[in-house]
Amino acid sequence: MTSSGTNPTDPPPGPPPASPPGRPPGPASRDGSADISADDSADGNGNSGGSASAAWELLLPAASAPARRRGRALRSALRDAVRSGRLPAGTRLPASRELAADLGVSRGLVTEAYEQLTAESYLRAGRGSGTWVSGAVRPAARGVRDLSPRAPGAQVDFRPGTPDLALFPRTAWAATHRTVLGRLPHSSLGYPDPRGLPELRVALASLLTRRRGVVADPERLVVCSGVAQATTLLGFVLRERGGVSVGVEDPGSPEHASLFASTGLTTVPLPLDDGGLAVGPLARSGVRAVVTTPAHQFPTGIAYSSERRGELLDWARRTDGVIMEDDYDGDFRYDRAPVGALQGLDPEHVVYTGSVSKSLAPGLRLGWLIAPASMTDDIVARKRTMDLGNPSVDQAVLADFVAGGGYDRQLRRCQRAYRERRDAMTGALDAHFPGTEVSGIAAGLHIIARLPERFGPQDEFLRRASAAGIALRPLSDCTAGGAEDGTVRLVLGYAHLAPAAIGNGVRLLAEATRDTPDHTTERGTGHGTDHTTERSTGHRTDHTTERGTGHRTDHTSERGTGHRTDHTSERGTGHRTERDTDRGTSTARSTT
């Protein structure tokens, strides 16, 4: 910077200078503060070095900004230099005239910047003492983290819960968005009804009545940010009414415990049986509210039996209890029409919840809650204090999309794709993990796979999968007691993967978790190989084969003093191969 009328070789008046950040320190000022003056930028020959300080170089782009934005840019650059710590507390700033000359801007811009940042407490100034960086500033943390629930570095992600986001109807949604913005009155952009826009509540009530058999009164329907917010809304109301705990399915969604905990409630895990949530343990638990997924239980994949649905409603009526029905993927049933919602049988004891997270995209954060009449006002009041309501434009777009038939078309499109992908997943498991048991109904976006015991223990299986970049969710993550034994039980999501990617991913998983070359492979027609090897001076092989038309071979070979072969053919209906090889004095056998 240039110092007018002063010999650069003479010491400057006032406190002695100190080097700017990043340069060797100079003498301290009388009060111990650093001093960055115009003379500090001069070279040893008395020539001005322009803006030698790295801190002042930050201001040069601001000085080059268009005239109308130059003052704001200068204030922003100076503020950022203080926040980042490049101008630390106690640094003395040059006089406004000197800084203006160095940057090539008017002195008024610099003066305004100094005054504004002094008012904001970034700087401090005193008559005759200059302008300094104040001690009120702390360096701001740098970097932006992404906390979305992704698996960083995963080559294949089989975790459940995510639809195929590539199926989102971008063209239709964009067209609806343009239409809505063109006709939406200005008043609709104000603070909305906390229950949701009336037109969306009417459209959703009609949709849910038609597709899910729900008793849907628009006056009792609350638009919310997905089932997660619906859960917390219910939790807050239950807590306000004296509740202390809520029953949850075990196994069930791990998120329920944390959501209810945020409202001050504890969760009580309740076991399932083949019919659904076991009513006996529910009655003995003493809870007055319970969360269920009766259409397609998460994660086991069973559908509650009609008898169990009736027993649950009897419990609610007898205890004046509340059942929360999480209908998270009730539209996706592939072997028959979906079973209607439990809420349709008793809307005064069932809180019905759902969302577009599986049918459109979870990033839209749009869902709904239909409350009993006795709870509606309290839920709406809590929704008002929580966020004043969901964004009006997004609600209006969804209302038009539903009313115009776009949502029904989207559901049909997703059903076709997800049915194909479920078949691809079960087929890949048959090919690469023969003997795997897939449980649950043909529905939803995930399956439960129980692998044969030879693929355990589960901890080692998961470790190998993770090392290969394959993200998995074991069933034990969804249970209160964790894994009971070493058997590998997985909750496998498939909806977000193309059929080819599913097949390739399962193949990679098989390769990553294979213990030794001695393994069993079964194909669609049924091919099993049991191969046991023992080291010895001899060699023996028993080979049995049954083909679809029927062929069986017993082959025994011993290496040593002789050789013998027995060969038998039989017609049959299957194909099986057993090969035992003995090389030594010990025996090992594996059977599939």
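> Which residues make up a positive patch on the surface, and what values do they have?
A grouping of Arg-409, Arg-412, Arg-413, Arg-416 and Arg-419 is seen on the molecular surface, where their side chains present a positively charged patch. Mapped onto the secondary structure, Arg-412 falls in helix α14 (residues 406–432).

> Requested: an account of the packing of helix α8 (residues 226–240) against helix α12 (residues 373–387), with residues and values cited.
Their axes nearest at 9 Å, the elements α8 and α12 cross at an angle of 115°. Remark: the crossing between α8 and α12 carries right-handed chirality. Contacts from Gln-229, Thr-232, Leu-233, Leu-234, Phe-236, Val-237, Leu-238 and Glu-240 in α8 reach Met-375, Asp-378, Ile-379, Arg-382, Lys-383, Met-386 and Asp-387 in α12. Classifying every residue of the contact of α8 with α12 gives eight nonpolar, two polar and five charged.

> Provide a residue-level description of the packing of helix α15 (residues 458–467) against helix α16 (residues 499–513), including the pertinent values.
One way to put it is that α15 packs onto α16 with a least axis distance of 9 Å and a crossing angle of 120°. Judged by the twist between their axes, the crossing of α15 over α16 is right-handed. Contact residues: Phe-461, Arg-464 and Ala-465 in α15; Leu-509, Ala-512 and Thr-513 in α16.

> Explain the sheet that holds strand β13 (residues 437–439) to me, and be specific about the residues and the numbers.
Taking strand neighbours across the sheet as the criterion, the three strands line up as β13-β14-β16 in an open arrangement whose pairing is antiparallel. Whereas interior strands pair on both sides, the edge strands pair on one side only; in this sheet they are β13 and β16 (489–493). In this sheet, adjacent strand axes meet at a mean angle of 30° when their direction is disregarded. Looking at chain direction, strand β14 (residues 446–450) and β16 are connected through five bridges and run antiparallel. Looking at β16, one finds that Ile-447 is bridged to Leu-492. The sheet contacts of α14 involve β13, β14 and β16, and relative to β14 the element is tilted by about 15°.

> Can you break down the packing of aromatic side chains residue by residue, with the values?
Scanning all chains against the criterion turns up six aromatic pairs. Measuring from centroid to centroid gives 5.4 Å for Trp-173 and Phe-401, while their planes differ by 65°, and the two rings are edge-to-face. Of the two residues, Trp-173 is situated in helix α6 (residues 170–183) and Phe-401 in helix α13 (residues 392–403); the sequence distance between them amounts to 228 residues. Judged by its relative accessible area of 5%, Phe-401 is buried.

> So what's going on with the pattern of salt bridges? Which residues, and what values?
Enumeration according to the criterion identifies 25 salt bridges in this entry. The partner of Glu-460 in a salt bridge is Arg-463, and the shortest N-O contact between them spans 2.6 Å. Residue Glu-460 and its partner Arg-463 are both found in helix α15; the two are separated by three residues, about one turn of the helix. Salt bridges linked by common partners bring Asp-193, Arg-195, Arg-201 and Glu-219 together as one network.

> Which residues make up helix α3 (residues 67–83), and what values do they have?
End to end, α3 covers 25 Å across 17 residues, agreeing with the expected 24 Å (1.5 Å per residue, within 8%). Within α3, burial applies to Gly-71, Leu-74, Ala-77, Leu-78, Arg-79, Ala-81 and Val-82.

> An account of helix α4 (residues 96–103) is needed here, citing residue identities and associated values.
All of the buried residues in α4 are Ser-96, Leu-99, Ala-100, Asp-102 and Leu-103. The buried side chains of α4 occupy one side of the element, clustering within an arc of 165° when seen end-on. Turned more than 90 degrees from where α4 packs its buried face, Arg-97 and Ala-101 sit exposed. Gly-104 lies just past α4 and shows a positive phi near 75°.

> How would you explain the side chain of Asp-164 if you had to name every residue and give the values?
Of note, Asp-164 is situated in the loop between β4 (156–157) and α6. Within the structure, Asp-164 has its side chain in polar contact with the side chain of Arg-421 (distance 2.8 Å). Setting aside its immediate chain neighbours within four residues, Asp-164 contacts Tyr-418, Arg-421, Ala-495 and His-496.

> Got a sec to walk through the pairing of strand β5 (residues 221–224)? Specific residues and values, please.
The two faces of β5 match: Leu-221 and Val-223 on one face and Val-222 and Cys-224 on the other face are all buried. Pairing of β5 with strand β12 (residues 367–370), which is carried by four bridges, proceeds in the antiparallel orientation. Bridged to Val-222 within β12 is Leu-369.

> Report on the sheet that holds strand β2 (residues 123–126), specifying residues and quantitative values.
If you trace the three strands from one edge of the open sheet to the other, you get β1-β3-β2, paired in antiparallel fashion. Bordering the open sheet on either side are β1 (92–93) and β2, each of which pairs with just one other strand. The pairing of β1 with strand β3 (residues 130–133) spans two bridges and is antiparallel. By the bridge assignment for β3, Leu-93 is matched with Thr-131. Contacts from helix α5 (residues 107–119) reach β1, β2 and β3 within the one sheet, and its direction differs from that of β2 by about 110°.

> Quick rundown of the environment of Asp-274? Include the residues and the values.
Relative to the assigned elements, Asp-274 resides in the loop between β7 (266–273) and β8 (276–277). The exposure class of Asp-274 is exposed, given its relative accessible area of 77%. Distance in space between the C-alpha atoms of Asp-274 and Arg-308 is 9.7 Å, their sequence separation being 34 residues.

> Can you lay out the pairing of β14 for me, pointing to particular residues and giving the numbers?
Where burial is concerned, most of β14 is hidden: four out of the five residues are buried. Alignment of β13 against β14, held across three bridges, turns out to be antiparallel. Its bridge partner being in β14, Val-438 is matched across the sheet by Ala-449. The antiparallel hairpin formed by β13 and β14 contains six residues in its connecting segment, where Gly-440 sits at a positive phi of about 95°.

> Describe the side chain of Thr-353, and please don't skip the residues or the numbers.
Along the chain, the position of Thr-353 falls in strand β11 (residues 350–355). On the basis of relative accessibility, which here comes to 0%, the residue Thr-353 falls in the buried class. Discounting residues that sit within four places of it in the chain, Thr-353 has contacts with Val-227, Ala-230, Met-324, Glu-325, Asp-326, Asp-327, Trp-368 and Leu-369.

What counts and what doesn't
Residues numbered from 1 in each chain as written. Predicted model: local features only at pLDDT ≥ 70, side-chain atom pairs only at ≥ 80, totals over all residues. Heavy atoms only, no water. Patch = residues over 30% accessible without salt bridge, like charges linked within 9 Å, V, L, I, M, F, W, Y side chains within 5 Å. Areas by Shrake-Rupley, 256 points an atom, 1.4 Å probe, with all protein chains shown as cover. Salt bridge = Lys/Arg side-chain N within 4 Å of Asp/Glu carboxyl O. Lys, Arg positive; Asp, Glu negative; His and termini not counted. Charge placed at Lys NZ, Arg CZ, Asp CG, Glu CD. Helix = DSSP H or I, 4+ residues; strand = E, 2+ residues; numbered from the N terminus. Axes fitted to C-alpha atoms, helices over the stretch in contact; angles between N-to-C directions. Left-handed = near helix turned anticlockwise from the far one by under 90°. Contact = heavy atoms within 4.5 Å. Nonpolar A, V, L, I, M, F, W, Y, C, P; charged D, E, K, R; others polar. Pairing = 2+ DSSP bridges. Phe/Tyr/Trp six-rings, centres within 6.5 Å; stacked < 30°, edge-to-face > 60°. Buried < 20%, exposed > 50% of the residue type's maximum accessible area, 1.4 Å probe, protein only. Expected span 1.5 Å × (residues − 1). Arc of directions from axis to C-beta. Polar contact = N/O pair within 3.5 Å; in protein donor to acceptor, adjacent residues only side chain to side chain.

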